[in-house]
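So the chains spell out like this:
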Amino acid sequence: MLAYAAGALVTLAFLIVQTLGAAARGAPDSFAELAERLSPAVVNITTSTMVAGRNLPAMPRAPRGSPLEELFPDLFGPQGDGNERQRRASALGSGFIISADGFIVTNNHVIDGADEIQIELFDGGPLLDAKLIGTDAKTDIALLKVEADAPLPFVAFGDSNVSRVGDWVLAIGNPLGQGFSVSAGIISARNRSLRGTYDDYIQTDAAINKGNSGGPLFDMDGNVIGVNTAIISPTGGSIGLGFAMSSNVVTKVVEQLKEYGETRRGWLGVLLQDMDEDIASAVGLDSVKGALISNVVPDGPAEEAGLQPGDVLLNFDGTEVADTRSLVRAVGNAEVGKAVRVVVFRDGKTMTLKVTLGRREDAERDPTVPVVEKGEADGEKEAMGMRFTALTGELRSQLGLDDSAKGVAVLSVDESSDAFTKGLRAGDLISEVGQKPVNTPKDVTDALKAANDAGRKSILLLVHRDGEPRFVALSLTD
């Protein structure tokens, strides 16, 4: 009897857990209560900008007081003289209030270039003039501020990292200028990248259209987990491919805009390249991991710390580096001026270095061009399906290289070679082979011999094209 009772209790407990799990995954009966609670914090945004109008032919002016003058002021008014005129263009978007004192988040593209920004609250009333606090084009986020007679309703950010594919979400905004509108859907995917360095989009099938830009994407607890930003559509309308910048990106940007009026991202001072199996094998790693440094900015934080082209960054500030995208985001989120430890793989072993991060925005305003020494010529050679030569003054001119360029020039590439398959072409500049600088064709063949003697299956080349460096791993077994 006792055994039966225990078994029954276990079965009952299982059924309860199973029922609760099913309820948690099921669709809500209604979104009405959630929409009613959250809508007052969502705003419509109207912007206006003075733009140049098209040239119009001179038109006769109506007599003063004529009914035509009232009906067609643009045609018969004082500006109808055939000259190019200024006209005011308007645009619509959405946003949401994040504090009772009137801070509002929206998209940068909603207010970009606007002369006037006005806010319409959910409960109506007069439009409020908004002040632009700051923008971040990289994440398409802008922060506004309005003054109101009473505290404003607001919503809070949630943790987008705990959201899962399949979770229900709610979008509220101003689609196509139709006023406050609610749509629901699920999270279709996470960690999407569209075009930006710091992209971390939530993909949703909740209906998002023009005018929804800048509006909030809510989870079922009523927290903002994304800012509706973009759609992919051949028609211009929603087809279930909407994208919201994740809250864990937005919150950091908003905090900096509120405090400084601009962003302050960490900067390492390197160019990065994703790893693949060939590159991992060429540098001696047993698996594809980390991010490869293809170039180091002179006098930047990385160079001062001792990082070099060819280093593979495995760990940044205590976090394992999965790929270049994760590293760029980690560096950008780090505090400017912070001294961080990085673990790199170099010459078959790991080492730890300390880097004091700079500020990316300062570096972008004052870009630094790497400077290297001039090489010397010693004829042509062929290897790995390529024919290459040392640089001369005439060759530099033909290839558009300045006197600081260093390496050997590729004259031709056999289309059946691994080098051609990996994208090398005539006109490329090779500055390193086997992570050693090369100035002459003999340097290249010496590096190849050393790699073969060491039993390597592949070798790493640092290739430059149009001023951009990248590493290419070529097979030595062909």
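Owing to the predicted nature of the structure, the values given are computational and were not obtained by experimental measurement. (Residues numbered from 1 in each chain as written. Predicted model: local features only at pLDDT ≥ 70, side-chain atom pairs only at ≥ 80, totals over all residues. Heavy atoms only, no water.)

**Overview of the overall build of the protein chain**
Each helix and strand counted, the protein chain has 13 helices and 27 strands in total. Taking all 478 residues of the protein chain together, the buried fraction comes to 43%. A separation of at least 24 residues holds for 62% of the contacts in the protein chain among residues at least 6 apart in sequence. As displayed, the protein chain offers around 24800 Å² of accessible surface, 51% of which is attributable to carbon and sulfur atoms. (Helix = DSSP H or I, 4+ residues; strand = E, 2+ residues; numbered from the N terminus. Buried < 20%, exposed > 50% of the residue type's maximum accessible area, 1.4 Å probe, protein only. Contact = heavy atoms within 4.5 Å. Areas by Shrake-Rupley, 256 points an atom, 1.4 Å probe, with all protein chains shown as cover.)

**Topic: the sheet that holds strand β9 (residues 201-204)**
Taken together, the six strands give a closed barrel; going around it, the order is β7-β8-β9-β12-β11-β10, and neighbouring strands pair in antiparallel fashion. Mean inter-strand twist for the sheet, computed between neighbouring axes without regard to direction, equals 45°. (Pairing = 2+ DSSP bridges. Axes fitted to C-alpha atoms, helices over the stretch in contact; angles between N-to-C directions.)

**Brief notes about the packing of aromatic side chains**
Taken as a whole and judged by the stated rule, the model has four aromatic pairs. For the ring pair Phe96 and Phe157, a centre distance of 5.8 Å and an interplane angle of 75° mean the geometry is edge-to-face. Within this pair, whereas Phe96 is found in strand β2 (residues 86-97), its partner Phe157 is found in the loop between β6 (141-146) and β7 (168-173), the two being separated by 61 residues in sequence. Look at Phe96 and you get buried, because its relative accessible area is 0%. Its relative accessible area of 23% is what places Phe157 among the partly exposed residues. For Lys145, the ring lying beneath its charged end belongs to Phe103, and the centroid distance is 5.4 Å. (Phe/Tyr/Trp six-rings, centres within 6.5 Å; stacked < 30°, edge-to-face > 60°. Lys NZ or Arg CZ within 6 Å of the ring centre and 35° of its normal.)

**Structural notes on the side chain of Asn315**
In this structure, Asn315 sits in strand β16 (residues 312-316). Within the local environment of Asn315, its side chain forms a polar contact with the backbone nitrogen of Thr319, the two atoms lying 3.4 Å apart. Setting aside chain neighbours within four positions, we find Asn315 in contact with Glu320, Val321, Arg341, Val342 and Val343. (Polar contact = N/O pair within 3.5 Å; in protein donor to acceptor, adjacent residues only side chain to side chain.)

**Some details on the environment of Gly226**
Mapped onto the secondary structure, Gly226 falls in strand β11 (residues 224-231). For the pair Gly226 and Val169, spaced 57 residues apart in sequence, the C-alpha separation works out to 9.8 Å.

**Brief notes about the environment of Tyr198**
With respect to the secondary-structure elements, Tyr198 resides in the loop between β8 (181-192) and β9. Once the C-alpha coordinates of Tyr198 and Lys138 are considered, the two residues, 60 residues apart in sequence, prove to be 6.8 Å apart. Leave out the neighbours within four places in its chain, and Tyr198 touches Lys138, Thr139, Met245, Val249, Arg265, Val328, Arg329, Gly332 and Arg360.

**What to know about the environment of Val254**
Of note, Val254 is situated in helix α6 (residues 247-260). Placed 111 residues apart in sequence, Val254 and Leu143 show a C-alpha to C-alpha distance of 6.7 Å. Discounting chain neighbours no more than four positions away, the residues touching Val254 are Ile98, Val105, Ile141 and Leu143.

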